[in-house]
Amino acid sequence: MLLGLAVLAWGAAFAVNEATQAWFMRDIALRARLAAVGTQGALAGHLESGDGRKVAALLEDLARDERIMAVEVCTPTLASVSRTKSFPEQFSCEALRSRAPQGVLPAELDFSDEIDGGRVHVSIHRIDDDDVVRGALVLVHDLSFMARRELAMRHFTLAAFGFVALLASILTVFVRRAWWRSWTDELRRVLLLARWGGGDAKLRARNAFQPLLADVRGLVADLAAERGSTVAPWSAARLQHVLRENLHGDSVVIVANREPYVHERGPDGAIRVVHPASGLVTALEPVMRACSGTWIAHGSGSADRETVDRHDRVRVPPGEESYALRRVWLTKEEERGYYYGFSNEGLWPLCHNAHTRPEFRAADWLQYERVNRRFAEAVCEEVQGPDPIVLVQDYHFALAPRMIHEHLPRATILTFWHIPWPSAERFGICPWEREVLDGLLGSNIVGFHTQQHCNNFVEAVDRFLESRIDRERQAIVQGGRECLVRSYPISIDWPNRWAAAAPPAAECRATVAAELGLSADALIGVGVDRLDYTKGIEERFLAVERTLERFPHLRGRFTFVQLAAPSRTLIETYRQLNERVEGLAARINGRFAAGTYRPIVLLRAHHEPPAIFRYLRAADVCYVSSLHDGMNLVAKEFVAAREDERGVLVLSRFTGAARELTEALVVNPYDLEEASAALATALAMPPAQQAERMRAMRRLVAEFNVFRWAGRMLVDAGRVRQQGRLSDRLTMGLRPVEGARS
Ligand code: F6P
């Protein structure tokens, strides 16, 4: 700013100086002409009469003017007649001959020049008398006053510039202070609203954070880009490298209830491969492709037995066959007790704040124990050496880690709990709380999505088991054996294979609209979930209803499409949920339907990933309204689907994903005012803002992808393994030599 002001001041001074100089010159020329005209008659007379004395007296009179420095009168042939004292020789009559071409004097001549005393203006005026040239009058004006005025002007400009600069600096400081104060006041207000406000106020408050968050995200992205120049982003290849470097290429065994590929016999008798609706499968399948090894799972498909070899194995993915799927067969009784019973009527509601009462039955517990043992045995059959890497997945296998450790004490066991871990107080509801905790502590590392779940787990161990808790290292020590507790937020593969295979957004939109009979300008909302009470599907529909109540212009235009995969249908609460969701959709449709328009389209069926990605890519808004969710990968899949950087994610704050995807419109799904305001905001959001939010979320999911999730766990497993080997060597070194005296 100072530099700008200086340039401005210099320019102004230059322009003013030029203008005044020109003005002074014109003024002097005018004065000279007036003086010459005033004396013309008298001088002509004196020259004609040859009265040199009178000419000299007239010149003295003229020189009395303070600006006239010297005067001379010349004959027509430019010889001096008379001159005042100290007339500068270079302007004498003789010297001026060079300026009179062929000795003919011009009527008037002006010029300025430098002499010893400074700058002067010289004007020559011919003295005529009735067309007879009598001589010439030479006037020399002093111009030194101009230099003095120029200097004064420069000083004035400098002083004015100094003053303006000072004023501007003071003003800047004040304005900046006021701006900073208003910014911090606004931030404080927004924080208070976000904490204590209700409904729309909260949403507005959270949205007010977005520019700040966008800046922070931008900064993080820049830093990541800088770092990226030296460290490669996480990918399948980098994960393979980690496996080679940190675990010496040892193959991995995964234990998970759900299998990544289910073989089902269709009504036409043909066998088809189904991708189950499971966040666990979404995340782990790409990891397994990268790592190879064996995935041990419950064979639940109607044609699963027909597709395995005599060791109950089948190579998958079909056509690619990069790893083995080992199927474990369960009897109806086992499945009912272990999967439906203890896992999904006991642990599932216990771990989710979704207001469904957990049910614990001793018979279920026995089946749970039994099935965990069967899977542990399957692990022992599948491993290739005494120290395999075993990844135990989820709440179905809380007891398996201890059982595996008992059979394979040198195995490195990593257990990941895909759902929330409740508070210690709540966990105490489980009648087998000690057994569950002890089973998990058979692992070398237990992982959760969030630090909060880690803390809850450590508190539960502290409350119910005898152990030493090393809070600094986040480790639990029991009988000299250590189990680390770590948070590893799960994610999806990136670049995402389903997104890569999906058609462009415009095509997805056109096919979805055609399938559902929607108008070309319809606003499409989408939800993709298993039909589970934790997903908040009822709250979602109520939010759609409230949106249509509050924003009537959306009636007839906004349609919410819910893809709902039937899940755990043998459980009564799921059956009831099914009916409630259907009834609610029908009631809301009854209220707002008009012609072919229905506000809610409930598609209750299993959808394969290509169809899901088509819907995600066609939508204007995706609403993930889980009442409690460890992570929720649908939110991340929506982000992956939107290469076009369009569409808005409305996300429940009770999901793990809300901690990462902060550019979503984060809402409390129970607060219908807030959720409906968010839906309306999303539907009206300008494309530029959609793109800004989507870009930031895509950057985040791209960097924090599932290869990073698995890679971090495997690096930690590598360290644990290394430490184990070193301490084994140490104990062997210290073992007393047989026969030596102790
Ligand atoms: O989040 C728990 C979880 O096991 C997920 O991993 C998976 O998305 C979902 O439940 C699948 O449930 P189920 O295997 O019972 O269909």
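Relevant structure appears above.
Residues numbered from 1 in each chain as written. Predicted model: local features only at pLDDT ≥ 70, side-chain atom pairs only at ≥ 80, totals over all residues. Heavy atoms only, no water.

Peer 1: What's the story with the sheet that holds strand β15 (residues 468-470) in this structure? I'm lost.
Peer 2: Strand pairing within a sheet occurs via backbone hydrogen bonds; the two strands may be parallel or antiparallel. Read across the sheet, ten strands follow the order β10-β11-β9-β6-β12-β13-β14-β17-β16-β15 without closing on themselves; strand pairing throughout is mixed. Of all the strands in the sheet, just β10 (313-316) and β15 have a single pairing partner and so form its edges. Averaged over all pairs of adjacent strands, the angle between their axes in this sheet comes to 20 degrees, without regard to strand direction. Both β10 and strand β11 (residues 323-328) contribute to a ladder of four bridges, which runs antiparallel. Directly across from valine 314, in β11, lies its bridge partner leucine 325. The strands touched by helix α7 (residues 279-291) are β6 (252-255), β9 (293-298), β11 and β12 (389-393); relative to β9, the strand with the most contacts, the crossing angle is about 150 degrees. (Pairing = 2+ DSSP bridges. Helix = DSSP H or I, 4+ residues; strand = E, 2+ residues; numbered from the N terminus. Axes fitted to C-alpha atoms, helices over the stretch in contact; angles between N-to-C directions. Contact = heavy atoms within 4.5 Å.)

Peer 1: Teacher, can you tell me more about the environment of arginine 289 here?
Peer 2: With respect to the helices and strands, the residue arginine 289 is situated in helix α7. Residues in contact with arginine 289, not counting those within four places in the same chain, are Tyr261, Pro317, Glu320, Ser322, Tyr323 and Arg497. Engagement of the side chain of arginine 289 in a polar contact is seen with the side chain of glutamate 320, the distance being 2.9 Å. (Polar contact = N/O pair within 3.5 Å; in protein donor to acceptor, adjacent residues only side chain to side chain.)

Peer 1: What am I meant to see in the nonpolar core here?
Peer 2: Burial of nonpolar side chains together is a common tendency in soluble globular proteins. Trp417, Trp421 and Phe457 are the most contacted members of the largest nonpolar core, which has 94 residues in total. A total of eight residues in this core trace back to one element, the largest contributor, which is helix α8 (residues 332-351). Those residues in contact with phenylalanine 457, other than ones at most four positions away along the chain, are Trp421, Leu437, Leu440, Leu441, Val446, Phe448, Ile476 and Val485. With 87 residues, the next largest nonpolar core counts Leu325, Tyr488, Ala640 and Val706 among its residues. (Core = buried A, V, L, I, M, F, W, Y, C linked by side-chain atoms within 4.5 Å. Buried < 20%, exposed > 50% of the residue type's maximum accessible area, 1.4 Å probe, protein only.)

Peer 1: Before we go on, may I ask you to explain helix α16 (residues 537-550) in this structure?
Peer 2: Quick reminder: α-helices carry 3.6 residues per turn. Residues three or four places apart thus point the same way. Between the first and last C-alpha of α16 there are 20 Å, a value that for 14 residues agrees with the 20 Å anticipated at 1.5 Å per step. With ten of its 14 residues buried, α16 lies for the most part within the structure. Every buried residue of α16 is accounted for by Ile537, Glu538, Glu539, Arg540, Phe541, Ala543, Val544, Glu545, Thr547 and Leu548. In this structure, the buried residues of α16 make contact with β18 (523-530), β19 (558-565), α17 (572-592), β20 (600-604), β21 (621-624) and α21 (672-684). (Expected span 1.5 Å × (residues − 1).)

Just geometry here; none of it tells us what the structure is for.
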